[in-house]
Amino acid sequence: MSGPMETTNRRLAGKCCFITGAASGLGKAMATAFAGEGAQVAVADRDAEAGRAVAASLGNGFYVALDVTDETQWTVALGAAVRAMGRLDVLVNNAGVVAAKPIEETTLAEWRFVNSVNVEGTFLGCKHAIPHLRASGGGAIINLSSVAGITAAPMMAAYSASKGAVRALTKTVAIELARKGDQIRCNSIHPVFFETPMLDQMAATTRDPARFRTNLAGTVPLGRFGQPEEVAALAVYLASDEARFITGAEFAIDGGFTAA
């Protein structure tokens, strides 16, 4: 482990962080960025092989198994992380899934699955992390929503509804905790289309994936997809003490998408 002189200027030095869905995509990028800024990172994911590989690459991380829809697994995973790290300072609710279908073709099972992961998973994370964050004297919760939680998202009814719920939940948690006097901040990040496995999955369901990607990137005013490292940089800021006066806020990282 690095000594004090090496970590003094790191923005997350000494912080103990728990990131869900951290085996790939945005979660992996955030875990890498957090570790690079001096944090200990619990890499939480259902994919044990990929999760362990990410944790091993961090130098200051470890893997914990977690299906975010399972409440018992939440208590076990958070407990294990706190025992290993000694405390909890930051929770990132990143795990998420998408279903791209017209509403009339979306089954109730698909609707429930998307909302169980995206909404219930975020709810359970907040609920069970709060006592640990309080015990540490405060901290930060970062919830990954989406531009689909702010604006209309045709063909993505279940996903849009779930991310809108995450947006509202974030604000409610933030104010509830602030009024209790807890020094726990809660904010949401709203990405547009990013170069992640989720985008690849969406493209793969179309007749012409290359054309789909080109057309989709064209809907972003800056004319390109986002890179995972760009979300990670924002998450580092929100997890750091630099953002200690920010709570209940939503951050669109979308190349101008929601402003157009």
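Up top is the structure.
Residues numbered from 1 in each chain as written. Predicted model: local features only at pLDDT ≥ 70, side-chain atom pairs only at ≥ 80, totals over all residues. Heavy atoms only, no water.

(A) Main features of the overall build of the protein chain. Within the protein chain, the regular secondary structure consists of 9 helices and 7 strands. Among the 260 residues that make up the protein chain, the fraction classed as buried is 48%. Residue pairs in contact within the protein chain that sit at least 24 positions apart in sequence constitute 69% of those at least 6 positions apart. If you sum the accessible surface of the protein chain, you get close to 12,200 Å²; carbon and sulfur atoms cover 55% of it. (Helix = DSSP H or I, 4+ residues; strand = E, 2+ residues; numbered from the N terminus. Buried < 20%, exposed > 50% of the residue type's maximum accessible area, 1.4 Å probe, protein only. Contact = heavy atoms within 4.5 Å. Areas by Shrake-Rupley, 256 points an atom, 1.4 Å probe, with all protein chains shown as cover.)

(B) Structural view of the sheet that holds strand β7 (residues 250-253). Pairing in this open sheet of 7 strands is parallel, and the strands run β3-β2-β1-β4-β5-β6-β7 from one edge to the other. Edge positions in the open sheet fall to β3 (61-65) and β7, since each of these has one partner strand only. Neighbour to neighbour, the strand axes of the sheet diverge by 20° on average, direction disregarded. Sheet strands touched by helix α2 (residues 25-36): β1 (16-20), β2 (40-45), β4 (90-93), β5 (139-144) and β6 (184-191). Its angle to β1, the strand with the most contacts, is close to 170°. Helix α3 (residues 48-58) rests against β2 and β3 of the sheet, and its axis sits at about 160° to β3. (Pairing = 2+ DSSP bridges. Axes fitted to C-alpha atoms, helices over the stretch in contact; angles between N-to-C directions.)

(C) Structural detail: the nonpolar core. Counting 40 residues, the largest nonpolar core has Met 30, Phe 34, Val 41, Ile 142 and Ile 189 as its most contacted members. With residues near it in sequence (within four places) discarded, Val 41 still touches Cys 17, Ile 19, Ala 31, Phe 34, Ala 35, Leu 58, Asn 60, Gly 61, Phe 62 and Met 85. Membership of the second largest hydrophobic core comes to 32 residues, among which are Ala 44, Leu 66, Leu 88 and Val 173. (Core = buried A, V, L, I, M, F, W, Y, C linked by side-chain atoms within 4.5 Å.)

(D) Quick peek at the pattern of salt bridges. Taken as a whole and judged by the stated rule, the model has 12 salt bridges. Asp 241 is the partner of Lys 15 in a salt bridge, and the nearest nitrogen-oxygen pair spans 3.1 Å. Of this pair, Lys 15 sits in the loop between α1 (4-7) and β1 while Asp 241 is found in the loop between α9 (228-239) and β7, placing the two residues 226 residues apart along the sequence. We note a salt bridge from Lys 101 to Glu 110, for which the minimum N-O separation is 2.6 Å. Residues participating in the shared-partner salt-bridge network are Arg 167, Lys 171 and Glu 250. (Salt bridge = Lys/Arg side-chain N within 4 Å of Asp/Glu carboxyl O.)

(E) Region of the structure containing the side chain of Arg 185. With respect to the secondary-structure elements, Arg 185 resides in strand β6. Look at Arg 185: it is buried, it has no salt bridge, and the nearest opposite charge is Asp 241 at 5.6 Å. Among the polar contacts made by the side chain of Arg 185, one reaches the main-chain carbonyl oxygen of Leu 238 at a distance of 2.9 Å. Here the side chain of Arg 185 touches Ala 243 through a polar contact of 2.9 Å, landing on its backbone oxygen. The contact partners of Arg 185, leaving out residues within four places of it in the chain, are Gly 139, Ala 140, Ile 141, Leu 238, Ala 239, Ser 240, Ala 243, Arg 244, Phe 245, Ile 246 and Thr 247. (Lys, Arg positive; Asp, Glu negative; His and termini not counted. Polar contact = N/O pair within 3.5 Å; in protein donor to acceptor, adjacent residues only side chain to side chain.)

(F) Expanded view of the environment of Leu 91. Mapped onto the fold, Leu 91 is located in strand β4. The sequence separation of Leu 91 and Ile 142 amounts to 51 residues, and the corresponding C-alpha distance is 6.2 Å.

(G) Layout of the environment of Ala 31. Along the chain, Ala 31 falls in helix α2. Here Ala 31 falls in the buried class, since its relative accessible area comes to 0%. For the pair formed by Ala 31 and Ala 53, sequence separation is 22 residues and the distance between their alpha carbons is 12 Å. In contact with Ala 31, other than residues within four places in its own chain, are Ile 19, Ala 22, Val 41, Val 43, Val 54 and Leu 58.

(H) The side chain of Thr 106, seen in detail. For Thr 106, the position within the fold is in the loop between β4 and α5 (108-135). A distance of 3.0 Å separates a polar side-chain atom of Thr 106 from the backbone oxygen of Pro 102. Excluding its chain neighbours within four sequence positions, the residues that come into contact with Thr 106 are Lys 101 and Trp 111.

By themselves these figures say nothing about function.
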